[in-house]
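For reference, the chains in residue letters:
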Amino acid sequence: MKNLARPIIIGNWKMNLDYKSSLSLAKKISSGRAQKNIKNDVLLLPDFLPLAELSSKNKNKNIFYGAQDVSPFSFGPYTGEVSLENLEKLGCKYILVGHSERRQYLSEDKIISLKMENIIKNSKLVPILCVGENLSQRKSGQTVVVIKKQLQEAFSKIKGLSGQKIIIAYEPIWAIGTGKNISAEEAIIVHKKIKEIIMTMFKNNLPRELGVVYGGSVNLSNFQDFKKSEDISGLLIGGSSLKANDFLKIANNFFYV
Ligand code: PGA
């Protein structure tokens, strides 16, 4: 099992932008990327509507597009859902699964394993599975226990991962959108634990590539801290991904040193 070949910087726009603003932010980021000497991958996660246009027309090899969510089902009578098949046809390369906001506001926990199964068994897309503890779990020293349970549940329908590229996003819930930060040293410990848990779960069927990225109030003033170790394979950025200049400065300067 290898670490990700290149770090990945992910911009999670959530439901923050209207259609036109999404296209214009993508344009700014895309032109800022094109001029640089590229040592990492950049992935943008707009909402579904601009995603269709941005992903299908993307000509910039230095930017990937992905979805913030996917249906657990294949094509069929599932009102309101967006299928994996359509996302793949539109050129999406990655899908975020189990973001804490979806777990919290949309009671997503129970269907995460179905989404992971759908992506891994039926496509070549890379799932980015979000895990993380809340503040009281952290204070009571339960971080690793909580994350282990989230990983076991998410992969409960998967027998092996050989040949797969998998990304886990470690996002402490108390650090998302709050300006509060974990130290890089602490993140590295959790990232190593996540890899150990996956290695134990899939002993003989390990993924081809496994990356663990960090997310939670990453911004221009703290992103450099997270470059210290290849155990941090990249960043998942919410608020600071909405400002083209900030996001580009982070994206163009985050690589393994
Ligand atoms: P934040 O969001 O960077 O605004 O904390 C991160 C996320 O929710 O993925």
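As shown above, the structure is provided for reference.
Residues numbered from 1 in each chain as written. Predicted model: local features only at pLDDT ≥ 70, side-chain atom pairs only at ≥ 80, totals over all residues. Heavy atoms only, no water.

### Things to note about empty space enclosed by the protein
At step 1: The full count for this structure, using the stated rule, is one cavity of 30 Å³ or more.
At step 2: One number sums up the size of the largest cavity: a volume of about 40 Å³.
At step 3: Considering the residues around the largest cavity, the lining is formed by Arg 103, Asp 109, Ile 112, Gln 150, Glu 153 and Ala 154.
At step 4: Of all the elements, helix 7 (residues 143–154) adds the most residues to the lining of the largest cavity, at three residues.
At step 5: When grouped by side-chain class, the residues that make up the lining of the largest cavity number two nonpolar, one polar and three charged. (1 Å grid on protein atoms, 1.4 Å probe; cavity = no way out; pocket = protein on both sides within 12 Å on 5 of 7 lines; lining within 4 Å. Points joined across faces, edges and corners; volume = space filled by probe spheres on them. Helix = DSSP H or I, 4+ residues; strand = E, 2+ residues; numbered from the N terminus. Nonpolar A, V, L, I, M, F, W, Y, C, P; charged D, E, K, R; others polar.)

### Some points on the packing of helix 1 (residues 19–34) against helix 9 (residues 244–251)
At step 1: Packing of helix 1 against helix 9 leaves a shortest axis separation of 10 Å and a crossing angle of 35°. For helix 1 against helix 9, the interelement crossing comes out right-handed. Across from Leu 25, Lys 28, Ile 29, Gly 32 and Arg 33 in helix 1, the residues of helix 9 making contact are Ala 244, Phe 247, Leu 248 and Ala 251.
At step 2: For the contact of helix 1 with helix 9, the per-class residue count stands at six nonpolar, one polar and two charged. (Axes fitted to C-alpha atoms, helices over the stretch in contact; angles between N-to-C directions. Left-handed = near helix turned anticlockwise from the far one by under 90°. Contact = heavy atoms within 4.5 Å.)

### What about the packing of helix 7 against helix 8 (residues 184–201)?
At step 1: The contact between helix 7 and helix 8 brings their axes to 10 Å, and the two run at 40°. As judged from the angle between their axes, helix 7 and helix 8 are oblique. For the crossing formed where helix 7 meets helix 8, the hand is right-handed. Across from Thr 143, Val 144, Ile 147, Lys 148, Leu 151 and Gln 152 in helix 7, the residues of helix 8 making contact are Val 190, Lys 193, Ile 194, Ile 197, Ile 198 and Met 201.
At step 2: Of the residues contributing to the contact of helix 7 with helix 8, the split by class is eight nonpolar, two polar and two charged. (Parallel < 35°, antiparallel > 145°, perpendicular 65-115°, else oblique.)

### A word on the site of the ligand
At step 1: Taken together, 13 residues sit near the ligand, with Lys 14, His 99, Glu 171, Gly 177 and Ser 217 positioned nearest.
At step 2: At 2.6 Å, a side-chain N or O of Lys 14 approaches an oxygen atom of the ligand.
At step 3: Take His 99: an N or O atom from its side chain is 2.7 Å from an oxygen atom of the ligand.
At step 4: Contact with the protein chains removes 95% of the 280 Å² of surface that the ligand exposes when unbound. (Near = heavy atom within 4 Å. Polar contact = N/O pair within 3.5 Å; in protein donor to acceptor, adjacent residues only side chain to side chain. Areas by Shrake-Rupley, 256 points an atom, 1.4 Å probe, with all protein chains shown as cover.)

### Considerations on the pairing of strand 6 (residues 126–131)
At step 1: Burial of strand 6 is extensive: six of the six residues sit out of reach of the surface.
At step 2: Neither face of strand 6 is exposed, since Val 126, Ile 128 and Cys 130 on one face and Pro 127, Leu 129 and Val 131 on the opposite face are all buried.
At step 3: Across four bridges, the pairing between strand 5 (residues 94–97) and strand 6 is parallel. Bridge pairing links Tyr 94 to Val 126 in strand 6. (Buried < 20%, exposed > 50% of the residue type's maximum accessible area, 1.4 Å probe, protein only. Pairing = 2+ DSSP bridges.)

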